[in-house]
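# Tertiary structure, described
Single-letter residue listing:
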Amino acid sequence: MAFLRRVITCNGTVSTLLKEVHPSTTLNSVRCLSVTPRLDESEGWLSKLLMVRKIDTGKEAHSRLLSDTEKVFELCIHDVKPKFNQQYLENYKNWSNEVQCKDQTAKLIGSFKVEVGDQDQYVHIWGYDGWKHASQVLQLVRNDTSLNALVKDQEPYLRSRQNQFMLAFSFWPNPEPQVHNSFYEMRSYVLKPGTMIEWGNNWARGINYRRNNAVAGFFSQIGQLYMVHHIWRYDDLVSRKETRESAWRKPGWDECVAYTVPLIREMRSRWMSPNSFSPIK
């Protein structure tokens, strides 16, 4: 089996390698082998076509190679008791307004209710101007009396909550306030450790096939590590089906999928609607 892997990865020298072991073997006996070139073999013309840059591992932190902004994002996921959905939303709206009033550079990027997936779940995304600012907001939330009172009021409504600090991929659009009256899908992936650069190199190409409905792409820094979140915008479920099927008809999309699927350990999809106070709608 090791010999066969060597033959497949050394495309172009198949007959020579076989003759070293079996001199009577000819190239005709292995014509059934078909080797698909890896992306790096064709990356010269493909990179020029899609106008993307390859991310080299280098000697820098991978976060610096994958993101070109100082902005830090926080993902908050709250599971709510079904009978308290309305009370929870009102409470969170008041809490988020007060945070932004007391720190005017802290921004709620988006707030969503999960419609398909983990029901009675709410997803909130915040943006901060760097790690120092994120630390200041954490301190504010921890020490402010009125904010703590609102959190205390929220506790009876919750089943669980979690958060995560993230950076944005440089090749995804910036998550800006926008109004489309749309639905949003957040696809979340837990990757195998050590594969984030490879993921970035493939998606720097792949995003070009679906840029029209791309909203944001993040990768985790604190919380669940080696986690990626892609957020897409659709008019409805039919629009989602048509958009995804259209991508498969574009040459190159299949390669993006083929080379990123082996990097994934877990994946999850959430179909979401924006809450009334969400800047992204």
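Residues numbered from 1 in each chain as written. Predicted model: local features only at pLDDT ≥ 70, side-chain atom pairs only at ≥ 80, totals over all residues. Heavy atoms only, no water.

## Brief notes about the pairing of strand E5 (residues 183–191)
For E5, the tally of buried residues reaches 8 of 9 residues, placing the bulk of the element in the interior. When E5 meets strand E7 (residues 227–234), the two strands line up antiparallel, connected through 8 bridges. Its bridge partner being in E7, Phe-183 is matched across the sheet by Tyr-234. Examined bridge by bridge, E5 and strand E8 (residues 264–274) share 8 bridges and lie antiparallel to one another. Each residue of the ladder has a partner; that of Tyr-189, found in E8, is Met-267. (Buried < 20%, exposed > 50% of the residue type's maximum accessible area, 1.4 Å probe, protein only. Helix = DSSP H or I, 4+ residues; strand = E, 2+ residues; numbered from the N terminus. Pairing = 2+ DSSP bridges.)

## Digging into the packing of aromatic side chains
Two numbers describe a pair of aromatic rings. These are the distance of the centres and the angle of the planes. A full pass over the atoms with the stated rule returns 21 aromatic pairs. Ring centres of Tyr-92 and Trp-95 lie 5.5 Å apart, and the angle between their planes is 35°; this geometry places the pair in the tilted category. A residue pair is termed a helical-turn pair when its members lie 3 or 4 positions apart in one helix, as Tyr-92 and Trp-95 do in helix H5 (residues 85–102) at 3 residues. Overall, Tyr-92 belongs to the buried group, its relative accessible area being 2%. Judged by relative accessible area, which is 13%, Trp-95 ranks as buried. On the numbers, 5.9 Å between centres and 85° between planes, the contact of Trp-95 with Trp-126 is edge-to-face. Pair noted here: Trp-95 is in helix H5 and Trp-126 is in strand E3 (residues 121–128), with a separation of 31 residues, a long-range link. Taken together, the aromatic side chains of Trp-172, Tyr-189, Trp-199, Trp-203, Tyr-209, Trp-232 and Trp-253 make up a single cluster linked through ring pairs. Over the ring of Trp-232 we find Arg-210; its NZ or CZ atom is 3.9 Å from the centre of that ring. (Phe/Tyr/Trp six-rings, centres within 6.5 Å; stacked < 30°, edge-to-face > 60°. Lys NZ or Arg CZ within 6 Å of the ring centre and 35° of its normal.)

## Remarks on the packing of helix H6 (residues 131–143) against helix H7 (residues 145–154)
It is at 6 Å that the axes of H6 and H7 come closest, and there the two elements cross at 70°. Relative to H7, the element H6 is oriented roughly perpendicular. On H7, the residues that touch Leu-140, Val-141, Arg-142 and Asn-143 of H6 are Thr-145, Leu-147 and Asn-148. Partitioned by chemical class, the residues of the contact of H6 with H7 number 3 nonpolar, 3 polar and 1 charged. (Axes fitted to C-alpha atoms, helices over the stretch in contact; angles between N-to-C directions. Parallel < 35°, antiparallel > 145°, perpendicular 65-115°, else oblique. Contact = heavy atoms within 4.5 Å. Nonpolar A, V, L, I, M, F, W, Y, C, P; charged D, E, K, R; others polar.)

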